[in-house]
Every structure is written in structure tokens, then in C-alpha cells.
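Here are the chains, one letter per residue:
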Amino acid sequence: MEYGTKVTDALTTMGQVRVEQLQAAVEEGFKAVLNLRVPNELGFWADEQQVAESLGLHYNHIPLRLEHLDEAVIDQILRQLDHLPKPVLVHCAAGMRSTVIALLSTAIAERLTPQQVVEKAYAIGFHHIDNTLVSPQLRERFFDYLARHSQGRRQAA
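(A) Just the packing of aromatic side chains, in detail. Inspection of every chain in the model, using the stated rule, returns 1 aromatic pair. Ring centres of Phe142 and Phe143 lie 4.8 Å apart, and the angle between their planes is 90 degrees; this geometry places the pair in the edge-to-face category.

Structure below.
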């Protein structure tokens with residue numbers, strides 16, 4: 001997908017999507033969209049769900065605020081990713097939160113070590129995972145969650 005980051009065959013991430021990108025996603029076989037944007041973010045697209053569903057995509061919106069990012073929110077997002085039909089296009093405003101979440105989902109599913117996750121991030125072109133361009137809070141929560149769930153299992157809610 002143009003402007004997207006393919007994390008796995010099942011997960012691609014990007015910043016805010018546009019109508020033509022959703023249309024392209026359908027043409028490329030995507031089945032679902034997970035929107036992590038917060039409604040009061042600059043450029044939030046209020047009609048995204050209607051457009052996505054009119055194109056035949058499953059749609060879910062879980063606002064991911066860094067100041068409220070905790071284990072319960074991460075669990076909710078990862079459970080939703082598990083249940084959405086694949087492949088899924090996960091997005092936020094700039095692609096940082098969505099890519100970190102997709103990497104976390106992949107790391108847990110594939111039982112990757114933190115070093116392997118950093119290597120995977122670099123391999124897909126996401127060089128922000130281990131530097132200060134990613135919010136320190138997002139990075140810290142990512143690695144803390146990964147350390148607690150490194151056996152590839154998440155507790156059911």
C-alpha cells in the first residue's frame with residue numbers, strides 16, 4: 001500500500017487515511033481498518049467509518065491517547081486486532097502509534113525478544129522504535145508491555 005508500512009502480511013500501518021487510500025486498500029484485499037486517532041486531533045476524519053463501511057471494510061475505532069496508555073488499553077487494541085478480519089490497515093495521525101501497536105502485536109504473536117522487535121522495526125523501515133522520535137512514553141509502555149507478555153500470550157478479558 002502506498003504510504004503504508006507493511007509490518008506483516010496481516011498488518012499494514014500508516015498515518016491518517018484518505019478516501020482514495022481506503023479504495024486502494026479494498027482493491028489490494030484489505031478487510032478491515034483500525035483507527036487509533038483521537039477525535040479532537042487535528043485532521044481527524046469524522047466520516048471515516050461511513051466511508052470505510054460503504055467500501056465493504058470492517059471498521060473499528062479505539063482512540064489511543066498516550067496520556068491514557070496503560071495495559072488495559074493495549075489489551076483492548078490487541079484483542080481487537082486479533083478479531084478483525086485480515087489483512088488490517090491500522091492507522092493514527094502520523095503512523096507512529098499504529099506501527100508501534102502493530103509491532104507489539106507481531107512481537108507477542110511471534111514471541112520476539114525486544115532486540116528482535118527492534119531488528120524487525122528496522123527491517124520494515126521503521127527506524128523510530130529505538131530513538132527519541134517516538135514518544136518516550138509510547139516507547140517505554142511498548143517495551144514494558146512486551147517484557148510482561150513475551151511468551152506470546154495475552155490474558156483473555
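Picking up where we left off.
(B) The arrangement of helix α1 (residues 19-27) in detail. Of the residues making up α1, those classed as buried are Gln21, Leu22 and Ala25. For α1, the angular spread of the buried residues around the axis is 100 degrees, confining them to a single face. Its buried side turned inward, α1 meets β2 (11-14), β3 (32-35), α2 (48-54) and β5 (88-91). Residue Gly29 follows α1 closely and has a positive phi angle near 95 degrees.

(C) Fine view of the nonpolar core. In this structure, Leu34, Ile129 and Phe142 are the most contacted members of the largest nonpolar core, which totals 35 residues. For this core, the secondary-structure elements that each account for two or more residues are β3, α3 (71-83), β5, α4 (96-110), α5 (114-123) and α6 (136-148). No other element matches α4, which puts 7 residues into this core. When residues no more than four places from it in sequence are discounted, the contact partners of Leu34 are Asn60, Ile62, Ile77, Gln80, Leu81, Leu84, Val88, Leu89, Val90 and His91. In this structure, Phe30, Ala52, Leu57 and Tyr59 belong to the second largest nonpolar core, which totals 11 residues.

(D) Spatial organisation of the pattern of salt bridges. Going through the model one piece at a time under the given rule, you end up with 5 salt bridges. One salt bridge in this structure joins Glu41 and Arg97, with 2.9 Å as the shortest N-O distance. One end of the pair, Glu41, is in the loop between β3 and α2; the other, Arg97, is in helix α4, with 56 residues separating them in the sequence. Both residues of the pair, Glu41 and Arg97, belong to the buried class. In this structure, the salt-bridge partner of Glu71 is Arg148, at a minimum N-O distance of 2.7 Å. One end of the pair, Glu71, is in helix α3; the other, Arg148, is in helix α6, with 77 residues separating them in the sequence.

(E) A look at the sheet that holds strand β4 (residues 58-61). With respect to topology, 5 strands assemble into an open sheet ordered β1-β2-β5-β3-β4, the strand pairing being mixed. Strand pairing shows two members of the sheet lacking a second neighbour, β1 (5-6) and β4, which therefore form its edges. Bridge analysis of β2 against β5 gives 4 bridges, and the strand direction is parallel. Residue pairing for β5: Thr12 is matched across the bridge by Leu89. On the sheet, α4 packs against β2 and β5 and is oriented at approximately 160 degrees with respect to β2.

Parameters and conventions
Residues numbered from 1 in each chain as written. Predicted model: local features only at pLDDT ≥ 70, side-chain atom pairs only at ≥ 80, totals over all residues. Heavy atoms only, no water. Phe/Tyr/Trp six-rings, centres within 6.5 Å; stacked < 30°, edge-to-face > 60°. Buried < 20%, exposed > 50% of the residue type's maximum accessible area, 1.4 Å probe, protein only. Helix = DSSP H or I, 4+ residues; strand = E, 2+ residues; numbered from the N terminus. Arc of directions from axis to C-beta. Contact = heavy atoms within 4.5 Å. Core = buried A, V, L, I, M, F, W, Y, C linked by side-chain atoms within 4.5 Å. Salt bridge = Lys/Arg side-chain N within 4 Å of Asp/Glu carboxyl O. Pairing = 2+ DSSP bridges. Axes fitted to C-alpha atoms, helices over the stretch in contact; angles between N-to-C directions.

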